[in-house]
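# Structural features, examined
For reference, the chains in residue letters:
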Amino acid sequence: MPRLVVISNRVALPDEDGGSAPGGLAVAVAATMQGRDGLWFGWSGQVSDEPPPPTTIDCGHMKYVLTDVRPQDFQEYYNGFANRVLWPILHYRVDLAEFSEADFDGYRRVNEFFAERLGPLLEADDILWVHDYHLIPLALALRARGHANRIGFFLHIPMPPPDFLTTLPHHAELVGALTEYNLIGFQTDNDAGNFARYLTSVVGAATPDGRHYHLGHQHFRVGVFPVGVDTDGFRRLAEASAHTACAAELAESLVGRALMVGVDRLDYSKGIVNRLDAYELFLEKYPGWHGHITYLQIAPGCRQDIPEYLEIDAAVNAKVGHINGRFGAVSWVPVRYVSRNHRREDIAMVMRMARIGLVTPLRDGMNLVAKEFVAAQDPADPGVLILSQFAGAAAELGAALIVNPHDRGAMADAIHTALDMPLDERRARHQEMYAVLEANHIRYWGQSFIEALTRPGRALNWLSNRIDTR
Ligand code: F6P
């Protein structure tokens, strides 16, 4: 079996327990690497004025290779172009994009730098899989250095319609760089469809079947590979963690109140303020629930050098304070807001204890929290998932209570419906969603992508109806 070389900005090193550090991309990629020879290349998380040679960590069949980047590169590539231009535009927030030529240069430069450091480590038959928006031009930089390997790309975040993508200065250059990949994967049909429309209507690519594309001298394919979760693994983690001291403490602190939980990175795309607005309206409309519900929002901060992230932090803090001041009592705090990072087992435990999982991003590539919430439930007495129609996960989890996160009235009513939902209905909805998650277990995601990348002519697994097999 040829070696799999994964390249992503963040690399999840195995922790002391032999597991993997949490995080959407990290968990999914780590599952793909299991049981095969591989190399995972990416940023070390450190900056240095003169980056030393990459650090290599050998771990059984896996090798991790990490490089520092220069402070200016980090600023322009990560804080600048990746997270202040691509992130907002791809999340349909054109209003927040702050483009500068200097940042775009920095983005190109880091991709060249990654290619320069990765190149000497590559073997001719390696399969390369590049992840996410930080590294779109990487294949171009590798091809320019003579690497003819099969290279796939997967976008973990949304792909908006052409009207959004074309607001990006140099969009044609960036999409041109994407066409250097043999296979480009998206989370949902909607994302792939948006990209297909860009290809055919903006840059005039030709396609015989909506899967193979030709643009200039490039031939590439587009497919849909929704990321799954380790359904049974996460369920077991939740089961086990329900019996810990931490679980007992949480249960005691709730004194019988219904627990509603939200778990998100503190990001404007997650819709946390809209969600708090809806909760405020719920408390206004349904006073019978005062003192009988606790909303626990866990939202660790991230990307703190970027002004929009400081603003969302301030907005969430203000809103939480406002709700607690308005409705709280000496013996009841309506919202508990925690910005500390939590261990995976504690998150699983909180999810299992919750009557409601509130996952209402304004836009999200997939949202694995929604899937993990379903996996964590006790099938005999499951909680209810309230899910945004704009999360990629909504395409699979139609048995959730699907809401428009911009409609605070509908969200407030959904909270009430969830709290009142009879056991039979909760079980039926949970069973349906769990079956979907089992069918799209994380182990199939990497397999189907790699098969599509390496053996385009072969029949694939159950995902074959979604991707090109010809
Ligand atoms: O959603 C894309 C993603 O790469 C996730 O996989 C991950 O949880 C998050 O962004 C990490 O962001 P950052 O690397 O900026 O902390």
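Structure: above.
Scoring rules and cut-offs
- Residues numbered from 1 in each chain as written.
- Predicted model: local features only at pLDDT ≥ 70, side-chain atom pairs only at ≥ 80, totals over all residues.
- Heavy atoms only, no water.
- Core = buried A, V, L, I, M, F, W, Y, C linked by side-chain atoms within 4.5 Å.
- Buried < 20%, exposed > 50% of the residue type's maximum accessible area, 1.4 Å probe, protein only.
- Helix = DSSP H or I, 4+ residues; strand = E, 2+ residues; numbered from the N terminus.
- Domains from an automatic or database assignment.
- Contact = heavy atoms within 4.5 Å.
- Near = heavy atom within 4 Å.
- Polar contact = N/O pair within 3.5 Å; in protein donor to acceptor, adjacent residues only side chain to side chain.
- Nonpolar A, V, L, I, M, F, W, Y, C, P; charged D, E, K, R; others polar.
- Pairing = 2+ DSSP bridges.
- Right-handed = clockwise from strand over helix to strand, strands pointing away.
- Salt bridge = Lys/Arg side-chain N within 4 Å of Asp/Glu carboxyl O.
- Axes fitted to C-alpha atoms, helices over the stretch in contact; angles between N-to-C directions.

### Looking at the nonpolar core
Among the nonpolar cores identified, the biggest contains 100 residues, and I7, F114, Y279, F282 and I293 are the most heavily contacted of them. Sorting elements by how many residues they give to this core places helix α2 (residues 71-90) first, with 10 residues. Three or more residues apiece are contributed to this core by two domains, here domain 1 (4-228 + 442-468) and domain 2 (231-439). If near-sequence neighbours (up to four positions away) are discounted, F114 is found in contact with I7, S8, F41, G42, W43, T67, V69, Y77, L135 and L138. Among the nonpolar cores identified, the runner-up in size contains 62 residues, and M62, F154, L254 and A452 belong to it.

### Remarks on the site of the ligand
Around the ligand, a shell composed of R10, G24, L25, Y78, W87, D132, I157, R265 and R303 is seen. Within the side chain of R10, an N or O atom sits 2.7 Å from an oxygen atom of the ligand. One of the side-chain N or O atoms of R303 is found 2.8 Å from an oxygen atom in the ligand. Where the shell around the ligand is concerned, the elements lending two or more residues are α1 (24-33) and α2. Of the residues in the shell around the ligand, the class split is 4 nonpolar, 1 polar and 4 charged.

### What to know about the pairing of strand β12 (residues 335-338)
Burial of the side chains of β12 is restricted to one face: V335 and Y337 are buried, whereas none of R336 and V338 on the reverse face is. Sheet topology places strand β11 (residues 293-298) next to β12; 4 bridges connect them, and they run parallel. Across the sheet, L296 pairs through a bridge with R336, a residue of β12. On the question of chirality, the crossover connecting β11 to the parallel β12 by way of helix α11 (residues 307-327) is right-handed.

### Some words on the pattern of salt bridges
Pairing is possible between side chains of opposite charge, provided their charged atoms come close. The full count for this structure, using the stated rule, is 29 salt bridges. Linking D277 and K319 is a salt bridge whose minimum nitrogen-to-oxygen distance equals 2.8 Å. With D277 in helix α10 (residues 272-285) and K319 in helix α11, the pair connects residues that are 42 residues apart, well separated along the chain. Owing to a relative accessible area of 23%, D277 belongs among the partly exposed residues under this scheme. Here E280 and R326 are joined by a salt bridge, their closest N and O atoms 2.6 Å apart. Pair noted here: E280 is in helix α10 and R326 is in helix α11, with a separation of 46 residues, a long-range link. Overlapping salt bridges, with partners in common, bring together D277, E280, E284, K319 and R326 in one network.

### Observations concerning the environment of W129
Mapped onto the secondary structure, W129 falls in strand β5 (residues 127-131). For W129, a relative accessible area of 0% puts it in the buried group. As for W129 and F99, which are separated by 30 residues in sequence, their C-alpha atoms are 28 Å apart. Beyond its immediate sequence surroundings of up to four residues, W129 is in contact with L4, V5, V6, I7, T32, G152, F153, F154, W445, G446, F449 and I450.

### Details of the sheet that holds strand β10 (residues 258-263)
Strand pairing in a sheet takes place through backbone hydrogen bonds and is either antiparallel or parallel in direction. Strand order across the open sheet formed by 6 strands is β12-β11-β10-β13-β14-β15, with parallel pairing between neighbours. The open sheet is flanked by β12 and β15 (401-403), the only strands paired with a single partner. Averaged over all adjacent pairs, the angle separating strand axes in this sheet is 20°, with direction ignored. Helix-sheet contacts for helix α12 (residues 344-353) involve β10 and β11, and the interaxial angle to β10 is about 140°.

### Things to note about the environment of A115
Structurally, A115 can be placed in helix α3 (residues 101-118). Taking the relative accessible area as the measure of exposure, A115 reaches 0% and is therefore buried. Spatially, the C-alpha atoms of A115 and A141 are 5.9 Å apart, while their sequence positions differ by 26 residues. Setting aside its immediate chain neighbours within four residues, A115 contacts L138, A141, L142 and R145.

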